[in-house]
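Coordinates in review
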Amino acid sequence: MKKTVLITGGSRGIGAAAVREFTARGYAAAFFYKEHERQAQMVAEETGAIGICCDVSCRKAVAEAVKNARIYLGISAFDCLVLNAGISREGLFIDEDESHWKQVFNVNLGGIINVTSEIVQPMINKESGSIVMLSSVWGQTGASCESIYAASKSSILGLAKSLAKELAPSGIRVNAVAPGVIDTDMNACYSPNDMKALAEDIPLGRLGAAEEVAKAICFLASEDASYITGQVLAVNGGFYI
């Protein structure tokens, strides 16, 4: 029987690359998306994965989407969970208000909590599973004018390490991937000059590709990483060491 994976934020960027990588490795996959329906359809058609529209910040919507994903794949428990869905926000700290903080944290941290809460009990029941959470280099180093985003991504690291300790006795591994500057739509807010300057600050001299992050995610989810848990794998070209 094929191993199964659920990936959030799977319609584009790192999430879409992860869907492609997992299915290429023989996994049966389901992915969530909130917007970009056409891109989601294209990913589903290309990979054979099932795409389900879901706002991960809404616990009720997550419960329904997870139920539908299990029914479609004919399973009671996923083997792997990849928590990639997230949003970014730029701005001076003094210009941010409560609604901005809530919006980012409800998706970036709340979404992970909501989906994990629906997925983890069946993993505990079968005493196996792998969870990979997507953080960011900014969650490790902080980022000027991106305090909300950086704080949300930093909180993911604390959650991953805590759950790794809590779930290890049940045979479940929890790790995080912290991408650096990756060539995806999320970085479209930066000008070409900004992107060039960032690339010059990266020891490998270039931006990362979504596919490179997807391979790191698949490694942590696989049996090749069977004795790795509670770790943060930085995929950043040496930008932060």
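Fair warning: this is a prediction, and the values are worked out from it, not measured in the lab.

1. Things to note about the nonpolar core
Formed by 36 residues in total, the largest nonpolar core has its most connected members in Leu-6, Ile-131, Met-133 and Val-174. Looking at this core, the elements with two or more residues in it are β2 (28-33), β3 (50-53), α3 (59-73), β4 (80-83), α5 (110-126), β5 (129-134), α7 (147-167) and β6 (172-179). The leading source of residues in this core is α7, at 6 residues. Here Met-133 is in contact with Leu-83, Ile-112, Ile-156, Leu-159, Ala-160, Leu-163, Val-174, Asn-175, Ala-176 and Val-177, once residues within four sequence places are set aside. Counting 31 residues, the second-largest nonpolar core is a separate cluster that includes Ile-7, Val-43, Val-132 and Ile-182.

2. A word on the side chain of Asp-79
Turning to its location among the elements, Asp-79 is positioned in the loop between α3 and β4. Given the relative accessible area of 17%, Asp-79 is considered buried. Among the polar contacts listed, one links the side chain of Asp-79 to the backbone nitrogen of Thr-4, at a separation of 2.8 Å. Apart from the residues lying within four places of it in its own chain, the contact partners of Asp-79 are Lys-2, Lys-3, Thr-4, Met-123, Lys-126, Gly-129 and Ser-130.

3. Some words on the packing of helix α4 (residues 98-108) against α5
α5 packs onto α4 with a crossing angle of 30 degrees between their chain directions and a minimal axis gap of 3 Å. One way to sum up the angle between α4 and α5 is to call them roughly parallel. On the side of α4, the interface is formed by Phe-105, Asn-106, Val-107 and Asn-108, while α5 contributes Gly-110, Gly-111 and Ile-112. Among the residues forming the contact of α4 with α5, the class breakdown is 3 nonpolar, 4 polar and no charged.

4. Overview of the environment of Lys-126
Inspection of the secondary structure assignment puts Lys-126 in helix α5. The exposure class of Lys-126 is partly exposed, given its relative accessible area of 31%. Taking the C-alpha atoms as reference points, Lys-126 and Ala-77, separated by 49 residues in sequence, lie 7.9 Å from one another. Setting aside residues up to four positions removed in sequence, Lys-126 forms contacts with Ala-77, Phe-78 and Asp-79. Side-chain polar atoms of Lys-126 contact the side chain of Asp-79, separated by 2.7 Å.

5. Some points on the sheet that holds β2
Ordered by their spatial adjacency, 7 strands build an open sheet running β3-β2-β1-β4-β5-β6-β7, and the pairing between neighbours is parallel. If you trace the sheet from one side to the other, it starts and ends with β3 and β7 (232-235), each paired once. Strand-to-strand, the axes of this sheet are offset by a mean angle of 20 degrees, without reference to chain direction. Pairing between β4 and β5: 4 bridges, direction parallel. Residue pairing across strands places Leu-83 opposite Met-133, the latter belonging to β5. Relative to β4, α5 is tilted by about 170 degrees, and along the sheet it contacts β1 (4-7), β4, β5 and β6. Across the sheet, helix α9 (residues 210-221) is in contact with β4, β5, β6 and β7; its angle to β6 comes to roughly 165 degrees.

Cut-offs and rules
- Residues numbered from 1 in each chain as written.
- Predicted model: local features only at pLDDT ≥ 70, side-chain atom pairs only at ≥ 80, totals over all residues.
- Heavy atoms only, no water.
- Core = buried A, V, L, I, M, F, W, Y, C linked by side-chain atoms within 4.5 Å.
- Buried < 20%, exposed > 50% of the residue type's maximum accessible area, 1.4 Å probe, protein only.
- Helix = DSSP H or I, 4+ residues; strand = E, 2+ residues; numbered from the N terminus.
- Contact = heavy atoms within 4.5 Å.
- Polar contact = N/O pair within 3.5 Å; in protein donor to acceptor, adjacent residues only side chain to side chain.
- Axes fitted to C-alpha atoms, helices over the stretch in contact; angles between N-to-C directions.
- Parallel < 35°, antiparallel > 145°, perpendicular 65-115°, else oblique.
- Nonpolar A, V, L, I, M, F, W, Y, C, P; charged D, E, K, R; others polar.
- Pairing = 2+ DSSP bridges.

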